[in-house]
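# Architecture at a glance
Below are the chains, spelled out letter by letter.
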Amino acid sequence: MNGERAIAYFSMEIAVDPAVPTYSGGLGILAGDTLRSAADAEIGMVALTLVHRKGFLRQRFDQSGWQHGDPDEWAVEKFLTEMPGRVQVQLENRVIQLRAWRYEITGITGFKVPVYFLDADLSENAPWDRTLTHYLYGGDTYYRLCQEVILGIGGVRMLRALSYNQLKRYHMNEGHSSLLTLELLAETAKRANRTFATEADIESVRASCIFTTHTPVAAGHDQYPMDLVGRVLRGNHDLFTLHDGPSMVVFDQILQLPPETPPTGDIFRQDIILNLTYLALNFSHYVNGVAKRHAEVSRHLFTKYRIDEITNGVHAPTWVAPALRELFDRHMPGWEADNFSLRYAINLPPTELWAAHLAEKHRLLEHVRASTGTDLDPDVLTLGFARRFTPYKRADLLLSDPQRLYAIAAKIGKLQVIYSGKAHPNDEGGKEIIQHILRIKDAVQPDVRIVYLENYDINFARLVTAGVDVWVNTPLPPLEASGTSGMKAALNGIPSLSILDGWWLEGCIEGITGWSIGERPAEDDPLPAAERNPRDADAFYRKLETIVLPAYYRNRAGFIDMMRYAIALNGSFFNTQRMIQQYALKAYL
């Protein structure tokens, strides 16, 4: 069975089950959706990640509204099956033993895709080393590099130990796992009885590797000083000091060495940086961004590399809510196997679609009441904003001018806003935005109600993307690589009101699938955030006042038509069934 698998998929986070908190946000959710669609399509894939026994974080707030994070522990043995055998990696002068736990994702035909979670929490390891697979994106730079050695190098070794001997492709979902290329290079050289790699070895590894980049800013890519890399990867130095000219050029590109660097000089210095994105770029035959605009931005960032685009999607059977599922089953049978048949949603009976939407809205509002004690009105236009909180997402753009927002609601119609999301433990800016929202929400304003639900997870994402009336996204262009929450909303007939960035540049048909906030950004928009924010806030308020609120309260038939278009045009395309087919054709074959 293992010999039939041809594709290995590596991701630092993968969301396989709502009760398994091995994800922090969109990257992990996307990875899980990708593997579900691979199982549906019966693609011979196997996946690698870390077990993250302490999860990402369990969110709580103090009286000032400041976010704190506690470990989000879970019972590994309850959900995963321990595999026999061990592999080891060397970190400095320490040998770390690793085991794997197996989880199976089952597709609509019964085909299974195994996911292996690497685990260093073994009695053979030193106490600190046992924590290396505990925290997702935790610790300092040293901790993160050790984790990436375990994922990339340890992951390849575990695949060999589990008898995955026919693998042809290694797909790196973001750069965290790109050290796997060094392990593949070492294997290739070893087969030729060499301790160093040649240009032919590099070409062999490159032919087998695929890299998907998700980060549209250079500063967001993992980078490590080479003196630290040299310490951690002790015993692997030969891979950085290659013996033939062409292969040395490749490593000069990876390390971005200046032309005057001596070919035999010491590269394990603090002033020389290993950027894991450059490692992946140089060792991959196929590289893609996750939306058309993101690929354009990436080509500007990495001008020497060919970067294609495959726009992200979401797994439709996972994200279509129960009331919508029942409606789809009656009117579009077979939609789970053929997501493109969702285009027939254009013919859904308006009264039935609205009834299904109200059923999901009531489910959401009941959850809000149970969680917060706040009773929201199902007859009031409800906006949703739920995702990772970080400054470029600009979650508080909606509240830039509270008095203007209150005046619009008093004039046109009442408004409710549901917020949810976590900030990274080290993201002080993201925490400040959450604190600001929590302080504003308690202002007594009868026409605008604001609630914030803590501990955003898969279960609440399913509720909120189906139960609100309009989905809102306000990133600072061009920093939104793709964004998938709006795709989940579209599957459930929820139009978006969003900044034109990421996927929304492709999904927005103005007044048909939703609405844009402002104009399409220029290729090189010189405005800094301080100048963009007031302009975009004004555009949001104007669109809300003149278009969105009137559409909901005064043109219900037209609003329901938009819901049908959102499903038919966006739900039928922005899904991982289409996405995995593109990967198969462009990268895996």
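I will try to describe carefully the structure that is included in this document. Being a predicted model, the structure only gives us computed values, none of them experimental.

### A short note on the nonpolar core
In this structure, F328, L383, F389, I418 and Y419 are the most contacted members of the largest nonpolar core, which totals 91 residues. Ranked by the residues each element gives to this core, the list is headed by helix α18 (residues 529-554), at nine residues. Among all residues touching F328, those that are not within four sequence positions of it are V320, P333, W335, L342, L348, L491 and I567. Judged by nonpolar contacts, the second largest core, of 73 residues, contains M83, V87, L182 and L281.

### Observations regarding helix α1 (residues 26-40)
For α1, which comprises 15 residues, the first-to-last C-alpha distance of 21 Å matches the rise-based estimate of 21 Å (1.5 Å per residue) to within 8%. Burial runs high along α1: 14 of the 15 residues are buried. Backbone geometry just downstream of α1 places E42 in the positive-phi region, at approximately 55°.

### Digging into the pairing of strand β3 (residues 58-61)
Here β3 pairs with strand β4 (residues 67-70) via four bridges, running antiparallel. Its bridge partner being in β4, R60 is matched across the sheet by H68. Hairpin connection between β3 and β4: a loop of five residues separates the two successive antiparallel strands, and G65 in this loop has a positive phi of roughly 90°.

### Some details on unusual backbone geometry
At the junction of P477 and P478, the peptide bond is cis and its omega measures out at 0° in the coordinates. Mapped onto the fold, P478 is located in the loop between β18 (470-473) and α16 (485-491). Despite not being glycine, E174 has its phi angle at roughly 80°, a positive value. On the secondary structure map, E174 appears in the loop between β9 (169-173) and α4 (180-191).

### A look at the pattern of salt bridges
In the structure shown here, the tally under the stated rule is 39 salt bridges. One salt bridge in this structure joins R394 and D536, with 2.8 Å as the shortest N-O distance. Note that R394 is positioned in the loop between β15 (381-386) and α13 (402-412) and D536 in helix α18, a separation of 142 residues in sequence. Residue R394 is classed as buried on the basis of its relative accessible area, which comes to 4%. Linking E510 and K543 is a salt bridge whose minimum nitrogen-to-oxygen distance equals 2.9 Å. Here E510, found in the loop between α17 (504-507) and β20 (514-517), pairs with K543, found in helix α18; they are 33 residues apart in sequence, far enough to count as distant. Given the relative accessible area of 16%, K543 is considered buried.

### Description of helix α14 (residues 428-441)
A rise of 1.5 Å per residue sets the reference length of α14, with its 14 residues, at 20 Å; its end C-alpha atoms lie 20 Å apart and thus fit the reference within 8%. On the buried face of α14, the contacting elements are β3, β4, α13, β16 (415-420) and β17 (448-453). By the N-cap criterion, in which a side-chain oxygen at the helix start approaches the backbone nitrogen of a residue two or three places on, α14 is capped by D427, the distance to G429 being 3.3 Å.

### Digging into the pairing of strand β2 (residues 45-50)
Most of β2 sits inside the fold, with six of its six residues counted as buried. Both faces of β2 are covered, namely the face carrying M45, A47 and T49 and the face carrying V46, L48 and L50. By the bridge criterion, four bridges tie strand β1 (residues 7-10) to β2 in an arrangement that is parallel. When the bridges of β2 are listed, A8 appears paired with V46. As for the winding sense of the linkage, the β-α-β connection from β1 through α1 to β2 is right-handed. As paired elements, β2 and strand β8 (residues 112-119) share four bridges and run parallel to each other. Its bridge partner being in β8, T49 is matched across the sheet by F117.

### Considering the side chain of H294
Summarising the element assignment, H294 is placed in helix α9 (residues 292-301). Since its relative accessible area comes to 2%, H294 is described here as buried. Not counting chain neighbours up to four residues away, the residues in contact with H294 comprise T213, H214, T215, P216, G289 and A481.

### Observations concerning the sheet that holds β16
Sheet strands associate in pairs through backbone hydrogen bonding, adopting either a parallel or an antiparallel arrangement. Strand order across the open sheet formed by six strands is β17-β16-β15-β18-β19-β20, with parallel pairing between neighbours. In the strand order of this sheet, the two ends are held by β17 and β20, each with one partner. Here the strands of the sheet are splayed against their neighbours by 20° on average, with no regard to which way each runs. Pairing geometry for strand β19 (residues 496-499) and β20, over four bridges, is parallel.

### Re the packing of α4 against helix α5 (residues 199-208)
Their axes nearest at 9 Å, the elements α4 and α5 cross at an angle of 130°. Compared by their axis directions, α4 and α5 come out oblique. Where α4 crosses over α5, the handedness of that crossing is right-handed. Residues T181, L184, L185, T188 and A189 of α4 touch α5, and the partners they reach there are D201, I202, S204, V205 and S208. A breakdown of the residues in the contact of α4 with α5 according to their chemical character gives five nonpolar, four polar and one charged.

### What about the environment of H300?
By the secondary structure assignment, H300 is in helix α9. For H300, a relative accessible area of 59% translates into the label exposed. In this structure the C-alpha to C-alpha distance between H300 and L491, which are 191 residues apart in sequence, comes to 32 Å.

Rules of the game
- Residues numbered from 1 in each chain as written.
- Predicted model: local features only at pLDDT ≥ 70, side-chain atom pairs only at ≥ 80, totals over all residues.
- Heavy atoms only, no water.
- Core = buried A, V, L, I, M, F, W, Y, C linked by side-chain atoms within 4.5 Å.
- Buried < 20%, exposed > 50% of the residue type's maximum accessible area, 1.4 Å probe, protein only.
- Helix = DSSP H or I, 4+ residues; strand = E, 2+ residues; numbered from the N terminus.
- Contact = heavy atoms within 4.5 Å.
- Expected span 1.5 Å × (residues − 1).
- Pairing = 2+ DSSP bridges.
- Salt bridge = Lys/Arg side-chain N within 4 Å of Asp/Glu carboxyl O.
- Polar contact = N/O pair within 3.5 Å; in protein donor to acceptor, adjacent residues only side chain to side chain.
- Right-handed = clockwise from strand over helix to strand, strands pointing away.
- Axes fitted to C-alpha atoms, helices over the stretch in contact; angles between N-to-C directions.
- Parallel < 35°, antiparallel > 145°, perpendicular 65-115°, else oblique.
- Left-handed = near helix turned anticlockwise from the far one by under 90°.
- Nonpolar A, V, L, I, M, F, W, Y, C, P; charged D, E, K, R; others polar.

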